[in-house]
Amino acid sequence: MSRLDDLMGFHKTAIDLRSQRQSVLASNIANADTPNYKARDMNFGEALRGAVQGRAGQPLALATSAPRHIAMSGMVTSANLQYRPEMQSSVDGNTVDMDTERAAMAENSLQYEASLSFINGLLKSMQTAVSGQNG
């Protein structure tokens, strides 16, 4: 059962990260006409590796530099957002390239749907196996 949990957990993490990336891409598109807006994106592979290894979603430990400081954890980490390199210079300083954003959003949506399809297929296989044992 642990292997099944690992497999489902991996795809759940991938879906969560895809959802976060979709929000970032949508924000880029929404700000396409905002002066000096810098388009952002995440390195999905790096974010997924970090999440699978247990780094993402974990609170950051705050440093204490004096004995009277109270030890506590900071904010929860999420995917590392990066500024997208500028493809074409803009007079107003905006770095959003709509073609790049649309392509990234389409690719991300397909990957999201693929993960959902995989999970659905896995659950149907399990249901078939269970009902076959009972019948």
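The following paragraphs examine the structure supplied in this document. Please read all numbers here as calculations on a predicted model, not as lab measurements.

For soluble globular proteins, the rule of thumb is that nonpolar side chains tend to be buried together. Residues Ala-14, Leu-17, Met-42, Phe-44, Ala-47, Leu-48 and Ala-51 constitute the largest nonpolar core, which totals 7 residues. Going through the elements one at a time, helix H1 (2-30) and helix H2 (44-52) are the ones with two or more residues in this core. Examining the composition of this core, we find that 4 residues originate from one element, H2, more than from any other.

Negative phi characterises most residues that are not glycine, and trans characterises most peptide bonds. The backbone of Asn-36 shows a phi angle near 65 degrees, a positive value even though the residue is not glycine. Tracing the backbone through its elements, the reader meets Asn-36 in the loop between H1 and strand E1 (40-42). We classify Asn-36 as exposed; its relative accessible area is 54%.

Here the focus is the pattern of salt bridges. According to the stated counting rule, one finds 6 salt bridges in the structure shown. Arg-21 is paired through a salt bridge with Glu-107; the nearest N and O atoms lie 3.7 Å apart. Note that Arg-21 is positioned in helix H1 and Glu-107 in helix H3 (residues 98-134), a separation of 86 residues in sequence. Residue classification places Arg-21 among the buried residues on the basis of a relative accessible area of 8%. Linked by salt bridges that have partners in common, Arg-21, Asp-41, Arg-84, Glu-101 and Glu-107 make up one network.

Of all the residues in H2, the buried ones are Phe-44, Ala-47, Leu-48, Gly-50 and Ala-51. Taken around the axis of H2, the buried residues stretch over an arc of 160 degrees, which confines them to a single face. Facing away from the buried side of H2 by over 90 degrees, the exposed positions are Arg-49 and Val-52. Structurally, the start of H2 carries an N-cap: the backbone nitrogen of Gly-45 is 3.3 Å from a side-chain oxygen of Asn-43.

Scoring rules and cut-offs
- Residue positions within a chain follow its written sequence, with the count starting from 1.
- The model is predicted, so local features are restricted to residues of pLDDT at least 70 and side-chain atom pairs to those at 80 or more, both for listing and for counting; the totals for chains, interfaces and linings are taken over all residues.
- Computation of side-chain values covers all heavy atoms of the structure but excludes hydrogens and water.
- We define a nonpolar core as any set of buried Ala, Val, Leu, Ile, Met, Phe, Trp, Tyr and Cys residues linked to one another through side-chain atoms lying within 4.5 Å.
- Per-residue accessibility, obtained with a 1.4 Å probe over protein chains only, is compared with the maximum for each type, and a residue is labelled buried under 20%, exposed over 50%, and partly exposed between these values.
- Put simply, DSSP H or I for four residues or longer makes a helix, DSSP E for two residues or longer makes a strand, and each gets a number counted from the N terminus.
- Counted as salt bridges are all cases of a side-chain nitrogen of Lys or Arg within 4 Å of a carboxyl oxygen of Asp or Glu.
- Arc, as used here, means the arc of the directions from the helix axis to the C-beta atoms.
- What qualifies as a polar contact is a pair of N or O atoms within 3.5 Å, subject to a donor-acceptor requirement within protein and to the restriction that residues adjacent in sequence count only when both atoms come from side chains.

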